[in-house]
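Read off the chains here:
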Amino acid sequence: MIKEKLAKKESKLFIYVLLSMLMLSIIIIVSVFFKGNIQDNSLELTLEFIKFFNCIISVLGVGSCLISYKKSNNESIFILSLMYLMLSIGIFCGHIDFLPFYAKELTLSTYIVVSASIFRIFLLVLSVLPSCKLRTIIINNKAFSFLLSILIPIVFGTIERSLGVFGSEEIYDFFIFYNIFLCITYTICTLKLLEKAIKEKEYIFVVLSSSIFVLAIKAVYAIYILNRLSFYTKLISVSLTYICFLIIIIGALIELYMHISKCKILNKNLNLLYDLVDNGKHCYMLIFDENKNLLYANQKVKEYYLGENYNNTNKLESIIKSKAEIFRNNKDVLDGLDKDGVWRGILKDKENSITIDCCIQWISSEENKKGIGITFRDITDIINKDLEVERLKIYDKEKSEFIANISHELKTPLNIFYSSVQLLDKFIENKNEDFRLIYKKY
């Protein structure tokens, strides 16, 4: 039943939230109380705090993005979530926004892991492109894609750092070229996301485009501070990453508020509709899933089949399955559903001598799963009354015809009698003739 499924879903969600909060609490406790290897100087403490705060913000940003995906079920948002996840892992591993504070010169090796950055750019571009085979593979293998998005920045970042691929000072021009490339790519993707927001009317794409544009600004700023390195400029660079994730978090909160406001309005209307359906006295209503399992039965159905014990859902399901054979084995019903997706007509349950007026149709949910909705009324009494009325009409007609025939048969001799009496009455006044002869004649 639908209520039971919702209860299970809420229970699972509660467990996930509880585990997440517990894990976050453990991380905070360990970071606060069990970290004794940090030297007591302002720079070390500041850097540690910046990294820790950046990690928390990035995790919340990825979580907000995933929540937005869960709400909209949009493929592009899921792929962008993977991109932000890779960015978050890079922050955790110290590949982004941490090492520059220890460097006197800004190079690729102290600014960003290029290999992981290329993977992030690839996911970003993929998110704004039309549907393709690769997108389908990612969406169909979400768990694997999620795991891969965690492993790639860790593995490639570790290899690149250990080998020192981009540690040379001779790649000054490449640093500028790569950040220009990032800026152009981020800007184009920002515009594409804005276009998608207008077309699909999805508020979250406006938020994501703003977040991506901050990364474009960060790439330009990296070129700007190349020869202007200071603690302040480095802090601004880190802050831009904060802002990138904060935009997503704030956007998700605003979207959540809007969603709650809409839900309140919808719930008012849905409560009225649900009350009408569940407590309706006119029709029996059933909903089955595509596997013919019972999902919903209104109160009228429960009371009809179970009486006072209408909370026994298992018993109700077994009864309904046995009664549903009248629908499943009817060729007209199956043909109507295949052709038009709906069938309406009269069905007879010979076993229980019941006649029902029934409507059966396909229904679909948000997950594109098909179900079967059945509404019916027991019209046995109405049919019996109609038959009784028809029988009385026939009886009344026969009675009228009988009386008309009797009237016709009696009228002819009575008219003869009446005419004769009228003649006798007329001749009785004539005194010149013998009335006895007249009487005998007539």
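Residues numbered from 1 in each chain as written. Predicted model: local features only at pLDDT ≥ 70, side-chain atom pairs only at ≥ 80, totals over all residues. Heavy atoms only, no water.

K.L.:
Help me understand the packing of aromatic side chains in this model?
P.N.:
Aromatic ring pairs: the centre-centre distance and the angle between the two ring planes describe each pair. One pass over the structure, following the stated rule, counts six aromatic pairs. Residues Tyr-69 and Phe-78 carry aromatic rings whose centres are separated by 5.1 Å and whose planes lie at 50 degrees to one another, so their mutual orientation is tilted. Relative accessible area serves as the criterion here: at 10%, Tyr-69 is assigned to the buried category. Looking at Phe-78, the relative accessible area reads 4%, which means it is buried. (Phe/Tyr/Trp six-rings, centres within 6.5 Å; stacked < 30°, edge-to-face > 60°. Buried < 20%, exposed > 50% of the residue type's maximum accessible area, 1.4 Å probe, protein only.)

K.L.:
Mind showing me how you'd approach the pattern of salt bridges here?
P.N.:
Between side chains of opposite charge, a pair can form as their charged atoms come close. Tallied over the entire structure, the rule returns seven salt bridges. Ionic pairing is found between Lys-199 and Glu-195, a salt bridge with its closest N-O pair at 3.3 Å. Remark: Glu-195 and Lys-199 occur in helix α8 (residues 172–200); sequence separation between them is four residues, near one turn of the helix. We classify Glu-195 as partly exposed; its relative accessible area is 35%. Among the ionic pairs, Asp-357 bridges to Arg-344, the shortest N-O distance being 2.7 Å. (Salt bridge = Lys/Arg side-chain N within 4 Å of Asp/Glu carboxyl O. Helix = DSSP H or I, 4+ residues; strand = E, 2+ residues; numbered from the N terminus.)

K.L.:
Got a minute to help me understand the confidence of the model for the protein in this structure?
P.N.:
Keep in mind that low pLDDT regions are not for reading the predicted coordinates in detail. On average, residues of the protein carry a pLDDT of 78, and 78% of them reach 70 or more. Summarising per-element confidence for the protein, the mean pLDDT is lowest in helix α4 (residues 108–111) (61) and highest in helix α5 (residues 114–128) (89). (pLDDT = per-residue confidence, 0-100.)

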